[in-house]
Structure formats: structure tokens, C-alpha cells
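Chains, contacts and geometry: an overview
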Amino acid sequence: MSLTLEQVQRIAHLARIEVSESEALATQGHLNGIFQLIEQMQAVDTSGVEPMAHAQDLSQRLRDDVVSETDRRAAYQAVAPEVEAGLYLVPKVIE
Amino acid sequence: MINASLKQLSQALAAKQISSVELTQLFLDRINRLNPALNAFVTVDTEKSLNSARAADARIAAGTAGLLTGIPIAQKDIFCAEGWRTTCGSKMLANFVSPYDATVIRKMEGEAGLVSLGKTNMDEFAMGSSNETSYFGPVRNPWDNGRVPGGSSGGSAAAVAARLAPAATGTDTGGSIRQPAALCNLTGLKPTYGVVSRYGMIAFASSLDQAGPMAASAEDCALLLNSMAGYDERDSTSLERPAEDYARDLDKPLAGLRIGLPKEFFGEGCDAEVMAAVRAAIAEYEKLGATTVEISLPNSHLSVPAYYVIAPAEASSNLSRFDGVRYGFRAEDYGNLDDMYMKSRAQGFGAEVKRRIMIGAYVLSHGYYDAYYLQAQRIRRLIANDFVEAFKVCDVIMGPTSPSTAFTLGEKAADPVQMYLSDIYTIAVNLAGLPGMSVPCGFAGGLPVGLQLIGNYFAEAQLLNVAHRYQQACDWHLRRPAGIE
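Notes on the structure follow. Keep in mind that this is a model prediction, so the values were computed, not measured.

So, on to the overall build of chain A. On a plain count of helices and strands, chain A comes out with 3 helices and 2 strands. Its helices and strands taken in sequence order, chain A reads α-α-α-β-β from the N to the C terminus. Taken against the 2.2 N^0.38 rule, which gives 12 Å for 95 residues, the C-alpha radius of gyration of chain A at 22 Å runs more than 25% over that of a compact globule. The 95 residues of chain A split such that 15% are buried.

Spelled out as C-alpha cells, the structure:
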């Protein structure tokens, strides 16, 4: 398998990472090298093998639906790039 | 004092031979003097450290101190620590001051009373094996300043090796505690997945990430793990198990111990001098009463390929949170919302992080999910099953931690695949979720070699015992780089 430049640009867009033409070219070479390594997996017959998502096969714990956190909005918003009146500011999305 | 074990430091503090403030100042002075050449710490805050030391001294005076109260420690900059800049080695978080403590920080500093000397350098978002992907520049190996300390916990490794700190924390997703420990002559332990809480530890690949200690000896690691481990309701993958004393079995004799030697770890691909040191260590274990048995991990050659699907897939999901909205870097100039995301992420992440996010986005995308992601998870099962079979005939598995000693700065930086292959012996352990250690076992060309120990699930106390008895018989772990006495 070999990724085309267009595929690299599409992946970059899916990942929401802007890439220039020259960056895309360099990335293409690196990603194709990495996928060459990954392709070794394809030679293995894994039919009937249960996929392993996690080291411990446990079900998710549930807890009682009670308030456990205090209000720390000011502290958490203090690290945001741009806030106003307790809201996170981003470019307008609805005209 | 700078080479003292944690137990010796604890005794000196309890006997009032030294105060925590004095001890902390001693290490801060060393950091001030030696860190510019090593770049092991990215953040030091003398006042904060001394305040914690004063609080520790008050506990010692009041008789409420624990075994580790007042001992200074270096924290990998992946752990959120309230009021401390927490960067994860990235421009994305270069100005992020954490508003809360990771559970590891709360337990080690808040409860056990360890004193933070600062935050250590690391590969960006823990993605690397040489510490060269850090936004804050590479760390230099104290054994040879032209060489890498390993990664991703390279700053922690260099700090302890140069005795800028008595011990440090690390995290290990594919070898990030064990490989730098090997390259810097330290003892490092990656616990069983789920033993140490991941709450507040900046996520890379959540099904693989695990924190652990990096120190001069197995005994130091055992004492540190006692302060780090334990159930945490804030981490949904934290295991509810009774508390353990990981130092309880340190002195147990090794007579009858069955050591499994995977033939895949003793074939081609490993430096001959590294292999010679590993074989000599195994001979030493035989003198201590252990027996060896050849085993096979037939799917271990697939661990690197499977890992480079699973870890990037999880990373692409975890790192989607860095969008320039709630915290972290935001680009200066942008148009609409999408453009703000794309530019903030393009400028905030380094090249290796971007590559891994893109691999992850691809293997999870429509049409490729089954061929890559599910196939990798099936291979993960085969790799884990290999270990289940192996532990039917042995108690502990041994082999090299890394196929080479510390490589030179820049040697592998341009070729991601070569870099990935430096974790060829460590990655399978993370995929299976097992505990693993690296223990100093000699030198090759003047550079440290690490012996890897792999245990069964929850066998940390046994691994520490196996490492400790070896360290009673050999003194490799006591060797220090030139000029560090």
C-alpha cells in the first residue's frame, strides 16, 4: 500500500491539521515508511481471534449519580485562550 | 548524600541529620549548576519546592511523617500539578499552568510528602524514544553528552543518572520508562496496567499508558511504587485491589526461580556487546539459584506493527481535545472555526505528533478500520496469549531492554521507523498489560546496558525481589557517570 499526496492531504484534514504542499510531501514519505512496517500484520491469519481492546477485560464501573465536584469554572477558564462572561470565545459559526 | 538511597535519606531525615529544606536545596543547587548542559528539567520553581520542603519538615517535627516525607523527587512533565506549568513537552501546552493535581501527584506529594524538584523534559506527548521530539530541545545523556538519554521519559532518566534528583516518575506506553532507564543505568518499573491511576496524566494511548518509578535501585522503586499505586475512582481503568507493600518480598531467596528466555529476544537484531552483558546477568542469576528455560513468544515480531496502529489510533482520539478553545495554544491569525482548529494544531504540534495523529485518523477511517485497527487488536490478543503460555513454564521472562546502547543525537531522528524499532523488546509488554522492569546489567563500549524483566500480571513485588537480589550480588546499578560522585 502506498498513500497518494491527495490521501495525505485528506488525512490531514480529517485530523484538522493544516499542511502545506511541502509538508504534505515530506509527510507522505514518512507515512509510507511507517505503513510498510504496519503492513507486516496483513500476512497473519487472525480469523476467529477476538480483538483485544484492553489489557483488563472489565466492564465499566458505575457510580451513584450524586454531585462529587465543586464549582471550579473560574480556575478552569483561567487557562483558556479567550473567554468572556464565563463563555469560551470562538469565531462565529452561525450567521 | 546525593548518592544515598531513599531509605538512607529517610533515616537521615528522621534522625534530623539533615532537614528536607537542606536536602531540597542541595538538589536545587545541582539542578542550577548542571541542568543547562543536560536540559533534563523544563520547569523548576525554587520557592514552590522549598515551601513543600518546609511543610515536610513540619510533619517530621510533629511526628506525622511517612517513610518518604521530605525526600525530593523529579516529576515527568506529563503529570498535571496544580500551580505548576505542565507542558507534556509540547508547544501546545507551553504556557499551561495546571488547575489541578494528577492522582500520582496528590498521592506522592500530598499524602506521602515527597517534595517536587520540578518537571522533567520528555518527548512531545510521550511520542518518541530519544527525547528529541520535545519542543524544549533534546536532553543529553549524562554518560555521554553527545548521546540521547532514551525516551520518552528522557528528562527523568538524565536527572536521576546525573543525581539532580534522588528518583523520578516516568510513564511507559511502549517502553518509555524501561528504555531510558536502560540507556542511563537506572532501575525502572512499568507496573501492570491499571495499578497506578492515570487521572491527570496527559493521555497518549489510554489502553497502554502506565506510570511508574525510575530510580537507582529496585528497593527505591519499591518504596516509590508504594506511594504511587492504588485504586482511584477517578480513573475508570484503575483496578480495585487491596493495597500491597511492594517491598515485602525484596529479600526472598531466588532458589528455584524459573527464568524464561524467549528465543525471539536472543536472535539477530541485538548488539553483540549488549547481548553479552545480558547473558552474563542471566549466568549471575543461575549462581543465585535460578534455572532457565527457553520459551517462545512467536508473535512478538508483530508487536511494533500492531502498536503503531493501536497507539496512534488512541492518540488521534485523545489529542483531538487540543483545539485551541478550552486550554493550550491558539494560532494568532485564523479565519473561521475550522481554520482556527487547523492552524492551532498545525502550529502547536511537532512533526512526530502530527504523523501519529494522521496514522491514527487513517486507520480509524471508513474502509480501513477492519484492515488495520481490528487486525491490530486481534494481533494484540495473539501477543498477550503468547505470554499466558510462557508463564505456564516460567516465573519471570528476561532479555535485553533495548537492542543497542544510547545512540547519538540525530542518529535516528530523521527516520521514524528506525526510531520505532528501538522499542522492539518493550512494546509487547504494554500490549499485554504486563509489568516490566529494566535493571542495569553492565556496559558496552562504556555505555550502560539494561536487563529487561517481565512478570505475570500483578507480579510487581516478585519482579522487584528478582531485581533486588541481583543488585545485592552486583554493583552495576551503583556505577555513576564520570564526574558524578
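Walk down a regular strand and you will see the side chains alternate between the two sheet faces. Residues and elements named next belong to chain B. Of all 9 residues making up strand S10 (residues 436–444), 7 are buried, and the element is well covered by its neighbours. Bridging between strand S5 (residues 187–190) and S10 involves 3 bridges; their strand directions are antiparallel. Paired with Leu-189 across the two strands is Met-437, which belongs to S10. Between S10 and strand S11 (residues 447–455), which pair antiparallel and follow one another directly, the connecting turn spans 2 residues, one of which, Gly-445, has a positive phi of 60 degrees.

This part covers the environment of A:Val19. With respect to the element layout, A:Val19 can be found in the loop between helix H1 (5–14) and helix H2 (21–38). According to the C-beta neighbour criterion, A:Val19 is buried, with 21 such atoms within 10 Å. Separated by 11 residues in sequence, A:Val19 and A:Val8 have C-alpha atoms that sit 9.3 Å apart. Excluding anything up to four places from it in sequence, A:Val19 contacts A:Gln9, A:Ala12, A:Ala24, A:Thr27 and B:Ala346.

On to the interface of chain A and chain B, then. Between chain A and chain B, the residue contacts involve 41 residues of the former and 54 residues of the latter. Of all the secondary-structure elements, those providing two or more residues to the side of chain A that touches chain B are H1, H2 and helix H3 (73–77) of chain A. Element by element, the count of residues in the side of chain A that touches chain B is highest for H2(A), at 7 residues. When the residues that make up the side of chain A that touches chain B are grouped by side-chain class, the tally is 27 nonpolar, 8 polar and 6 charged.

So, on to the packing of helix H7 (residues 218–228) of chain B against helix H15 (residues 460–473) of chain B. All names here are of chain B. Viewed as axis vectors pointing N to C, H7 and H15 meet at an angle of 155 degrees, and their least axial separation amounts to 8 Å. Relative to H15, the element H7 is oriented roughly antiparallel. Facing Ala-218, Glu-219, Cys-221, Ala-222 and Leu-225 of H7, the residues of H15 in contact are Glu-460, Leu-464, Ala-467, His-468 and Gln-471. Of the residues belonging to the contact of H7 with H15, the class tally is 6 nonpolar, 2 polar and 2 charged.

The rules we used
Residues numbered from 1 in each chain as written. Chains lettered and ligands numbered in written order. Predicted model: local features only at pLDDT ≥ 70, side-chain atom pairs only at ≥ 80, totals over all residues. Helix = DSSP H or I, 4+ residues; strand = E, 2+ residues; numbered from the N terminus. Rg over C-alpha atoms; globule rule 2.2 N^0.38 Å. Buried ≥ 20, exposed ≤ 12 C-beta atoms within 10 Å, placed from the backbone. Pairing = 2+ DSSP bridges. Contact = placed C-beta atoms within 7 Å. Nonpolar A, V, L, I, M, F, W, Y, C, P; charged D, E, K, R; others polar. Axes fitted to C-alpha atoms, helices over the stretch in contact; angles between N-to-C directions. Parallel < 35°, antiparallel > 145°, perpendicular 65-115°, else oblique.

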